[in-house]
Amino acid sequence: MANSRKSSRVDLSLLVASLPASQGDRVVLGLSGGLDSVVLLHILRDLSIQVGFSLSCVHVHHGISRNAGCWAKFCEDLCNSLDVPILVEQVDISPHLEFGLEAAARIARYEVFGRVNADLLVLAHHRDDQAETLLLQLLRGAGVKGLSAMGEATSCGKGRLVRPLLRASRREIEEYAKSRNLSWVDDESNQDPRFDRNFLRHEVLPLIANRYPSCRETLARASAHFREACELMEDLARIDASGAIEAGRLKMDALAGISRARAKNLMRHYLGSIGVRMPSAARIEEMLKQLKTARPDASIAIRHDGMEMRCYRGWVHVVPEKEIPEGFEVPIPRPVPVEIPELSGLLHFEAAEGGIDPGQFPFAVRTRRGGEHLRLHPGGPARSLKNLFQESGIPPWQRKLLPLLFRGDRLVWVPGIGMDPGCRTMGVGVLPVWKPFPAESETLLVEP
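These figures come from a predicted structure and were not determined experimentally.

Chemist: Residue-level account of unusual backbone geometry, with values.
Modeler: Put simply, Phe361 and Pro362 share a cis peptide bond, and its omega is 15°. By the secondary structure assignment, Pro362 is in the loop between strand E14 (345-353) and strand E15 (363-366). Positive phi outside glycine occurs at Ala149, with the angle close to 55°. Within the secondary structure layout, Ala149 lies in the loop between helix H6 (144-147) and strand E5 (153-156).

Chemist: Any chance you could break down empty space enclosed by the protein for me, citing the residues and the numbers?
Modeler: A full pass over the atoms with the stated rule returns three cavities of 30 Å³ or more. Its volume calculated, the second largest cavity comes out at about 50 Å³. Around the second largest cavity, the lining residues are Leu271, Val276, Met287, Ile302, His304, Met307, Glu308, Met309 and Val318. Broken down by secondary-structure element, the contributors of at least two residues to the lining of the second largest cavity are strand E9 (302-304) and strand E10 (307-312). At three residues, E10 tops the list of elements feeding residues into the lining of the second largest cavity.

Chemist: Would you mind going over helix H9 (residues 215-241) in detail, with residue names and values included?
Modeler: Here H9 contains 27 residues, and its C-alpha end-to-end distance of 38 Å stays within 8% of the 39 Å for a straight helix at 1.5 Å per residue. At its buried positions, H9 is contacted by helix H5 (127-139), H6, helix H8 (196-211), strand E7 (245-246) and helix H11 (260-273). Of the residues flanking the end of H9, it is Gly243, one or two places downstream, whose phi is positive at about 85°.

Chemist: Lay out the pairing of E15 with the relevant residues and their values.
Modeler: The two faces of E15 match: Phe363 and Val365 on one face and Ala364 and Arg366 on the other face are all buried. In terms of strand pairing, strand E12 (residues 329-332) meets E15 through four bridges, oriented antiparallel. Note on E15: the bridge partner recorded for Pro331 is Ala364. Relative to strand E18 (residues 404-407), E15 runs antiparallel, the two sharing three bridges. Residue pairing in the sheet places Ala364 in a bridge with Phe406 of E18.

Chemist: Can you explain the confidence of the model for the protein? Please cite residues and give values.
Modeler: On average, residues of the protein carry a pLDDT of 89, and 95% of them reach 70 or more. Counted against residues more than four places away or in other chains, residues 1-7, with its pLDDT under 50, gives seven contacts. In the predicted structure, residues 439-448 sits below a pLDDT of 50 and forms 27 contacts with residues beyond four places in sequence or in another chain.

Chemist: Can you tell me about the side chain of Thr133, naming the residues and giving the values?
Modeler: Examined against the element boundaries, Thr133 turns out to sit in helix H5. Given the relative accessible area of 11%, Thr133 is considered buried. Among the polar contacts listed, one links the side chain of Thr133 to the backbone oxygen of Asp129, at a separation of 2.8 Å. Setting aside its immediate chain neighbours within four residues, Thr133 contacts Ala149, Met150 and Arg197.

Rules and cut-offs
- Residues numbered from 1 in each chain as written.
- Predicted model: local features only at pLDDT ≥ 70, side-chain atom pairs only at ≥ 80, totals over all residues.
- Heavy atoms only, no water.
- Helix = DSSP H or I, 4+ residues; strand = E, 2+ residues; numbered from the N terminus.
- 1 Å grid on protein atoms, 1.4 Å probe; cavity = no way out; pocket = protein on both sides within 12 Å on 5 of 7 lines; lining within 4 Å.
- Points joined across faces, edges and corners; volume = space filled by probe spheres on them.
- Expected span 1.5 Å × (residues − 1).
- Contact = heavy atoms within 4.5 Å.
- Buried < 20%, exposed > 50% of the residue type's maximum accessible area, 1.4 Å probe, protein only.
- Pairing = 2+ DSSP bridges.
- pLDDT = per-residue confidence, 0-100.
- Polar contact = N/O pair within 3.5 Å; in protein donor to acceptor, adjacent residues only side chain to side chain.

Structure below.
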């Protein structure tokens with residue numbers, strides 16, 4: 001069959017020159033030492049001299065191959081020869097191995113990229129990578145977002161991640177390198193067909209290309225169409241989220257008032273907005289089924305990714321799963337800050353008029369066991385803590401994670417509720433303040 005490959009070539013330098021980099025910007029290249037990133041380094045180095053941005057590199061040392069140390073040394077020597085600073089970051093992929101070796105390395109790599117202090121983080125992915133990624137995602141049954149594959153620009157850490165070579169082919173990059181006598185390293189694992197991407201690259205795509213010579217370009221173009229569709233879905237989700245998502249909560253009525261497809265789209269948007277790993281399509285379907293049929297205060301607990309989805313007063317909350325040991329107690333011998341990891345927070349004390357008399361210490365922190373009562377007004381009755389929680393609108397799952405301050409068997413303070421006036425001093429005392437750790441908690445509950 002005749003080869004219908006177009007004769008026109010992409011000018012790699014012009015692609016890279018389109019970077020949104022200005023004089024004084026910090027541009028960091030993810031340098032593996034392979035063909036693609038070495039070519040991009042040389043083009044960026046010349047461009048940095050012309051434009052005046054600051055260029056440096058980061059090399060992620062995965063430690064998987066016995067040659068990993070040699071690759072790191074190659075990258076250091078190359079950068080030194082070009083007078084470009086480089087940082088070598090060695091990572092431990094073992095915490096992510098449950099996702100497979102390829103995915104574990106990718107997760108660890110992007111964790112490093114997320115910490116890079118740069119205006120632009122530049123990666124050397126190209127059109128062939130895009131085609132392979134689309135095929136991989138299709139075979140995994142990914143949704144529209146997964147099929148949009150890699151974007152030319154996206155947010156990363158404090159800056160932007162850009163892929164200026166995404167419209168260039170692997171062949172064009174290789175021709176550029178050979179025409180300039182560049183040297184690079186080859187990762188031997190890239191030839192191993194046991195890895196899914198290598199299997200597609202070396203066995204599947206060449207077979208398809210024999211019949212459809214422009215398949216890589218066509219697949220990359222298809223991923224761009226999926227990306228546009230994904231952007232439209234995100235626009236629709238933002239419209240549906242207006243008034244439906246507040247302070248990390250999702251209004252249950254919002255799910256019932258739209259079509260099933262839009263409700264699933266809104267659910268994905270909500271979970272993504274609070275940093276929860278995206279569930280499978282089947283899991284999203286099950287979540288939606290339970291939430292659309294649940295009563296506003298239904299005591300459901302949909303578990304996913306170490307989190308629980310709960311309902312309270314018509315709102316959906318996503319909270320960390322927590323198991324508090326039975327009989328949990330923390331002694332508070334004096335008014336100094338105390339971290340309580342089991343409750344994911346810090347209890348500290350501030351000087352305040354009418355606070356607790358420091359001479360009344362020691363106290364103890366316990367969690368709710370049922371039947372507690374708290375007196376809030378001088379001469380008034382001690383009221384059921386259950387009723388006080390309900391009146392204050394504190395959700396049931398949050399109640400069990402609150403530090404209750406006791407003096408002996410007497411409950412004297414509950415965050416978000418108040419303090420027993422019998423513990424207050426006439427002068428300056430100390431006021432307990434509970435501050436949940438931001439990454440592990442919802443809205444802070446503070447002393448009223």
